[in-house]
Amino acid sequence: MRVEEAIGRQLARLRAERRMSLTELGEALGRYLDRPWSRQAVHQAERGQRAFTAAELTALALVLDTSVQVLFRAEDVGIELPGGAVSREDYRGILLSREPDMPLDGVEELIIALHDIGEVLSRPALARLARIGRVADQVAGPEH
């Protein structure tokens, strides 16, 4: 997946979570950029069909109340750059601060780990296993 596609997926996800329309997101960007984005520009961005400037990424993070790092997250895939592919692990590694004196190093890693745990726990198979476990406990009774 190209970096622009990864960003686009995050934009679409965050916009939907915040119940914003394409037009509302575009208009909100106008507060931070020279002019608002059109509905079509937001749609293109969400489909990974445009590159982003640093100012645009900053404005998107502000409007969507998130961090620039979150915009770059890619779920379960490597990233393709013009010169070649980057593994999922290497890509994820660059999203974490590597400076030893940065106070949020451990917090960032914890946030990513919690996100991964949330993804695993939301899988339908695990939800079914949890229901089976509850039923088994009910059948076994209070002695169990």
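On a predicted model such as this, the values are computed, not experimentally measured, just so you know.

Cut-offs and rules
Residues numbered from 1 in each chain as written. Predicted model: local features only at pLDDT ≥ 70, side-chain atom pairs only at ≥ 80, totals over all residues. Heavy atoms only, no water. Helix = DSSP H or I, 4+ residues; strand = E, 2+ residues; numbered from the N terminus. Buried < 20%, exposed > 50% of the residue type's maximum accessible area, 1.4 Å probe, protein only. Contact = heavy atoms within 4.5 Å. Core = buried A, V, L, I, M, F, W, Y, C linked by side-chain atoms within 4.5 Å. Expected span 1.5 Å × (residues − 1). Patch = residues over 30% accessible without salt bridge, like charges linked within 9 Å, V, L, I, M, F, W, Y side chains within 5 Å. Areas by Shrake-Rupley, 256 points an atom, 1.4 Å probe, with all protein chains shown as cover. Salt bridge = Lys/Arg side-chain N within 4 Å of Asp/Glu carboxyl O. Axes fitted to C-alpha atoms, helices over the stretch in contact; angles between N-to-C directions. Parallel < 35°, antiparallel > 145°, perpendicular 65-115°, else oblique. Nonpolar A, V, L, I, M, F, W, Y, C, P; charged D, E, K, R; others polar.

**Things to note about unusual backbone geometry**
Part 1 of the argument: The backbone of R19 shows a phi angle near 55°, a positive value even though the residue is not glycine.
Part 2 of the argument: With respect to the helices and strands, R19 occurs in the loop between α1 (3-17) and α2 (22-29).
Part 3 of the argument: We classify R19 as exposed; its relative accessible area is 75%.
Part 4 of the argument: A positive phi is found at D65, a non-glycine position, where the angle reads about 55°.
Part 5 of the argument: Relative to the assigned elements, D65 resides in the loop between α4 (54-63) and α5 (68-71).

**Quick notes on the side chain of E46**
Part 1 of the argument: Positionally, E46 belongs in helix α3 (residues 39-46).
Part 2 of the argument: Owing to a relative accessible area of 13%, E46 belongs among the buried residues under this scheme.
Part 3 of the argument: With residues near it in sequence (within four places) discarded, E46 still touches G8, R9, L11, A12, R15 and L22.

**Details of α4**
Part 1 of the argument: Residues E56, L57, A59, L60, A61 and V63 constitute the buried set of α4.
Part 2 of the argument: Taken together, the buried residues of α4 touch α1, α2 and α5.
Part 3 of the argument: Once α4 finishes, D65 follows within two positions and takes phi at roughly 55°, a positive value.

**Quick notes on the nonpolar core**
Part 1 of the argument: L11, L29, W37, F52 and L71 are the most contacted members of the largest nonpolar core, which totals 28 residues.
Part 2 of the argument: Every element with two or more residues in this core is listed here: α1, α2, α3, α4 and α5.
Part 3 of the argument: In this structure F52 touches E4, I7, L11, W37, A45, L57 and L60, once residues within four positions along its chain are discounted.

**A word on α1**
Part 1 of the argument: Taking 1.5 Å of rise per residue, 15 residues should cover 21 Å, and α1 covers 21 Å from first to last C-alpha, within 8% of that figure.
Part 2 of the argument: All of the buried residues in α1 are V3, A6, I7, G8, Q10, L11, L14 and R15.
Part 3 of the argument: Once α1 ends, the next one or two residues include R19, with phi positive near 55°.

**Points about a nonpolar patch on the surface**
Part 1 of the argument: The grouping of L114, I117, L121, L126, L129 and I132 at the surface amounts to a nonpolar patch, some 590 Å² of accessible area in total.
Part 2 of the argument: At the level of elements, α7 (105-121) and α8 (124-140) are the ones that each hand at least two residues to the nonpolar patch.
Part 3 of the argument: You can call L126 partly exposed: its relative accessible area is 33%.

**A closer look at the packing of α2 against α3**
Part 1 of the argument: Closest axis-to-axis distance for the α2/α3 pair is 8 Å, and the angle between their directions is 100°. By the angle between their axes, α2 is roughly perpendicular relative to α3. Taken together, the residues of α3 that come into contact with α2 (itself represented by L22, T23, L25 and G26) are R39, V42, H43 and E46.
Part 2 of the argument: The class makeup of the residues in the contact of α2 with α3 is 3 nonpolar, 3 polar and 2 charged.

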